[in-house]
Amino acid sequence: MTSTVPNAVQHTDAQPPITMFGPDFPYAYDDFLAHPAGLGQIPATEHGTEVAVIGGGLSGIVAAYELMKMGLKPVVYEADEIGGRLRTVGFEGTPAEAAGLTAEMGAMRFPPSSTALQHYIDLVGLETRPFPNPLAPETPSTVVDLKGESHYANTVDDLPQVYRDVMNAWNACLEEGADFSDMNRAMRERDVPRIREIWSKLVDKLDNQTFYGFLCDSESFKSFRHREIFGQVGFGTGGWDTDFPNSILEILRVVYTEADDHHRGIVGGSQQLPVRLWEREPEKIVHWAYGTSLAELHDSRKPRPAVTRLHRTAGNHITVTDASGDIRTYQAAIFTAQSWMLLSKVACDDSLFPIDHWTAIERTHYMESSKLFVPVDRPFWLDKDEETGRDTMSMTLTDRMTRGTYLLDDGPDKPATICLSYTWCDDSLKWLPLSANERMEVMLKSLGEIYPKVDIRKHIIGNPVTVSWENEPYFMGAFKANLPGHYRYQRRLFTHFMQDRLPEDKRGIFLAGDDISWTAGWAEGAVQTALNAVWGVMHQLGGATDGTNPGPGDVYDEIAPVELPED
Ligand SMILES: Cc1cc2nc3c(=O)[nH]c(=O)nc-3n(C[C@H](O)[C@H](O)[C@H](O)COP(=O)(O)OP(=O)(O)OC[C@H]3O[C@@H](n4cnc5c(N)ncnc54)[C@H](O)[C@@H]3O)c2cc1C
């Protein structure tokens, strides 16, 4: 476990692995992808048909890649860079750059339960390695610093008793309030009826509840002090108090699917995944010549620029205007950027979506997030303190401004990187007005209070790189997090790919990506919703899956997300 506060169910080799199979839509995307029959076929008369794919992040690139394999011609529009929130940057002009070191400004750690994501990681030949989360087995050491008191630990047993009390409270609370072991077993066994039985009751009972309210309602969390510590060191990767106002259903999805556990990073950076898919020439491809790639299908091997307008034209077609002034009309389009883009940056016809979908788009709630990385000369944190024999510095969780500090080693005596601070929500907004250097100064001061004997600054060999996702022109926050009462909105967005159920004049544009997923903030959801949209486009163009490999839309009625009454 990487958890400071481990989950109730412990792993044994005898259990099937946990995957992001449900709980809302228990469909085996990993099996669908692995099946030799492929994802489906479209009639030959449609081969070469252009489909607009708006957004060249992971979701857009996965959708475009699969549509190309079916013989369609994806036209990808990207306002920023291929990769989107899989953004890997270098440290220009430093020895760290020469050593190939990079910093992950968006996603940086992926749970093994992300099996559809893993399909594409393997496909493009990327390697992963354990990510140094708090108390993870491969993490050399962890320091938890709260209210000015620091504790050095290799395992949770090294922390004071109160941390184990908090851990037990969380486990008990999940068991009492959310049938944790039962759901964990059902998800491992892919027992769809059982998953649906447990989840439908919880959705009904808990949609109105915040994460914090759920803790307060539990006998196990009567102590304010325990709730406070839990908020600061949390479970999985660390403090979750910035999530306290969110719907508890969001948190349950994370813990059931072990999204926050056993993380691995992508060697060389996660942005390589969509970039490699863009360049990849699939072995199996219909209509196009062997050797065709997405890059090859685009002028100058580049996506088209930002979309500025989306509207409907005769025959229910979707007309796309881009920043170069180019206007093209499509039978089908997939929109994968953040939903709020449709409210401001892209001029849209009201008729693109039914009014209830517009409400869901408007009500979307995002988490803010900031990160700052510095390159350093070597992993000096592994030097031993002469007095204590401990590492001089450790992966650090704190209630100070930095919140989470990650030490990213690339081998002894080689340049390395430190993520001095990774924050969410209010903790992220605290950094917003500060420049990169101002942020770094505050971070070094905070860390100096925890490690008075360590001179971090003398090891820094280049300028800091930083991001606040809420301040990026083509991203309006880091990732979505539903608030209480948002279940119905999320359901509308996720199920939008089942367009036979929409009025005819509202079809043809498909929503996909992180906002549409049940597990926003996890790249797996971007992949899963891309595959839903691919199924939707294929179906609209008269195509079908092979009977031996039914797609998400083929089995929709058996596993559809539970519906809550509107009145
Ligand atoms: C700080 C942070 C930490 C994260 N941590 C993790 C993690 O540890 N593990 C994990 O699994 N996931 C993590 N995620 C989530 C993961 O990054 C996302 O789920 C995934 O990258 C989303 O892909 P997407 O294609 O849905 O969206 P995006 O990556 O946002 O892609 C959408 C694309 O649309 C483009 N665009 C916007 N407007 C327009 C327009 N008008 N025209 C054309 N293009 C446009 C954008 O430039 C962008 O490239 C994290 C995300 C962030 C921000």
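Computed from a predicted model, the values in this text were never measured in an experiment. (Residues numbered from 1 in each chain as written. Predicted model: local features only at pLDDT ≥ 70, side-chain atom pairs only at ≥ 80, totals over all residues.)

Enquirer: How would you summarise the overall build of the chain if you had to cite specific residues and measurements?
Expert: Summing up its helical and strand segments, the chain has 17 helices and 21 strands in all. The globule rule puts the C-alpha radius of gyration for 567 residues at 24 Å, and the 24 Å found for the chain is close to it. In terms of overall dimensions, the chain has a C-alpha envelope of 75 × 55 × 45 Å along the principal axes. Out of the 567 residues belonging to the chain, those deemed buried represent 52%. (Helix = DSSP H or I, 4+ residues; strand = E, 2+ residues; numbered from the N terminus. Rg over C-alpha atoms; globule rule 2.2 N^0.38 Å. Buried ≥ 20, exposed ≤ 12 C-beta atoms within 10 Å, placed from the backbone.)

Enquirer: Talk me through the sheet that holds strand S2 (residues 73-77); I want residue IDs and the actual numbers.
Expert: A sheet is described by the order of its strands in space; here four strands give the open sequence S2-S1-S12-S21, paired in parallel fashion. At either end of the open sheet lies a strand with only one pairing partner, and these are S2 and strand S21 (509-511). Shown here is a sheet whose adjacent strand axes are inclined to one another by a mean of 20 degrees, direction ignored. Relative to S21, strand S12 (residues 333-335) runs parallel, the two sharing three bridges. (Pairing = 2+ DSSP bridges. Axes fitted to C-alpha atoms, helices over the stretch in contact; angles between N-to-C directions.)

Enquirer: Requested: an account of the packing of helix H5 (residues 161-178) against helix H9 (residues 224-233), with residues and values cited.
Expert: For any two helices packed against each other, one specifies the crossing angle of their axes together with the interaxial distance. Orientation of H5 relative to H9, taken along the N-to-C sense of each, is 90 degrees, at an axis distance of 10 Å. Considering the angle they form, H5 stands roughly perpendicular to H9. For the pair formed by H5 and H9, the contact residues are Val162, Tyr163, Asp165, Val166, Ala169 and Trp170 on the first element and His226, Ile229 and Phe230 on the second. (Parallel < 35°, antiparallel > 145°, perpendicular 65-115°, else oblique. Contact = placed C-beta atoms within 7 Å.)

Enquirer: Got a sec to walk through the domain arrangement of the chain? Specific residues and values, please.
Expert: How big an interface is tends to be reported as the loss of accessible area on association of its parts. For the chain, the assigned domains read domain 1 (29-84 + 271-365 + 478-551) and domain 2 (88-131 + 369-471). When each unit is reduced to the centre of its C-alpha atoms, the spacing between domain 1 and domain 2 is 33 Å. On the side of domain 2, 14 residues touch domain 1, which itself brings 17 residues to the contact. Looking at the side of domain 1 that touches domain 2, the elements that each hand over two or more residues are helix H1 (29-34), helix H11 (272-279) and helix H16 (523-540). Its residues placed into classes, the side of domain 1 that touches domain 2 shows 10 nonpolar, three polar and four charged. (Domains from an automatic or database assignment. Nonpolar A, V, L, I, M, F, W, Y, C, P; charged D, E, K, R; others polar.)

Enquirer: Pulling in residues and values, what's your account of the site of the ligand?
Expert: Near the ligand lie 39 residues; those nearest to it are Gly55, Gly57, Gly84, Ala107 and Gly513. Those elements giving two or more residues to the shell around the ligand turn out to be helix H2 (58-69) and H16. Along the lines of polarity and charge, the residues of the shell around the ligand split into 21 nonpolar, 12 polar and six charged. Both domains that furnish three or more residues to the shell around the ligand are identified here as domain 1 (29-84 + 271-365 + 478-551) and domain 2 (88-131 + 369-471). (Near = placed C-beta within 6 Å.)

Enquirer: Tell me what's going on with the environment of Met68, and back it up with residues and numbers.
Expert: Considering the arrangement of structural elements, one finds Met68 in helix H2. Judged by C-beta crowding, with 25 C-beta atoms within 10 Å, Met68 ranks as buried. Residues Met68 and Cys425, 357 residues apart in the sequence, show an inter-C-alpha distance of 38 Å. Once you skip the residues sitting within four places of it in the chain, Met68 turns out to touch Pro74, Trp288, Leu294 and Leu297.

Enquirer: Any chance you could break down the nonpolar core for me, citing the residues and the numbers?
Expert: Among the nonpolar cores identified, the biggest contains 121 residues, and Ala63, Ala333, Ile334, Val527 and Val534 are the most heavily contacted of them. Looking at this core element by element, the count peaks at 10 residues for H16. Each of domain 1 (29-84 + 271-365 + 478-551) and domain 2 (88-131 + 369-471) contributes no fewer than three residues to this core. If we ignore the near neighbours within four places in the chain, the residues touching Ala63 are Val53, Ile334, Thr336, Ala512, Ala530, Ala533 and Val534. Residues Trp381, Met393, Tyr406 and Met476 belong to the second largest nonpolar core, which totals 31 residues. (Core = buried A, V, L, I, M, F, W, Y, C linked by C-beta atoms within 7 Å.)

Enquirer: Describe the sheet that holds strand S9 (residues 307-313), with residues and values.
Expert: Across the sheet, which stays open at both edges, the four strands sit in the order S11-S10-S9-S13 with mixed pairing between neighbours. Across the chains shown, the open sheet's two edge strands, defined by having one partner strand only, are strand S11 (327-330) and strand S13 (347-348). Across six bridges, the pairing between S9 and strand S10 (residues 317-322) is antiparallel. Directly across from Arg309, in S10, lies its bridge partner Thr321.

Enquirer: An account of the confidence of the model for the chain is requested, with residue identities and associated values reported.
Expert: The share of residues in the chain with pLDDT of 70 or more is 97%, and the mean pLDDT across the chain is 95. Long-range and interchain partners of residues 1-11, a stretch whose pLDDT sits below 50, account for 40 contacts in this model, where long-range means more than four residues apart. Overall fold confidence for the complex sits at a pTM of 0.97, while the interface term, ipTM, reaches 1.00. (pLDDT = per-residue confidence, 0-100.)

Enquirer: Account for the pairing of S11, naming residues and giving values.
Expert: Summarising the sheet, S10 and S11 pair through four bridges and their orientation is antiparallel. The residue of S11 that forms the bridge with Thr321 is Ile327. The turn linking S10 back onto S11 is made up of four residues, and Gly325 within it adopts a positive phi angle of 95 degrees.

Enquirer: So what's going on with unusual backbone geometry? Residues and values would help.
Expert: Outside of glycine, negative phi angles account for most residues, and trans bonds account for most peptide bonds. Note that the residue after Gly22, namely Pro23, is joined by a cis bond; omega there is 10 degrees. Secondary-structure assignment places Pro23 in the segment before H1. Positioned with a positive phi, His287 is a non-glycine residue whose angle comes to about 70 degrees. With respect to the element layout, His287 can be found in the loop between H11 and S9. Despite not being glycine, Cys425 has its phi angle at roughly 50 degrees, a positive value.

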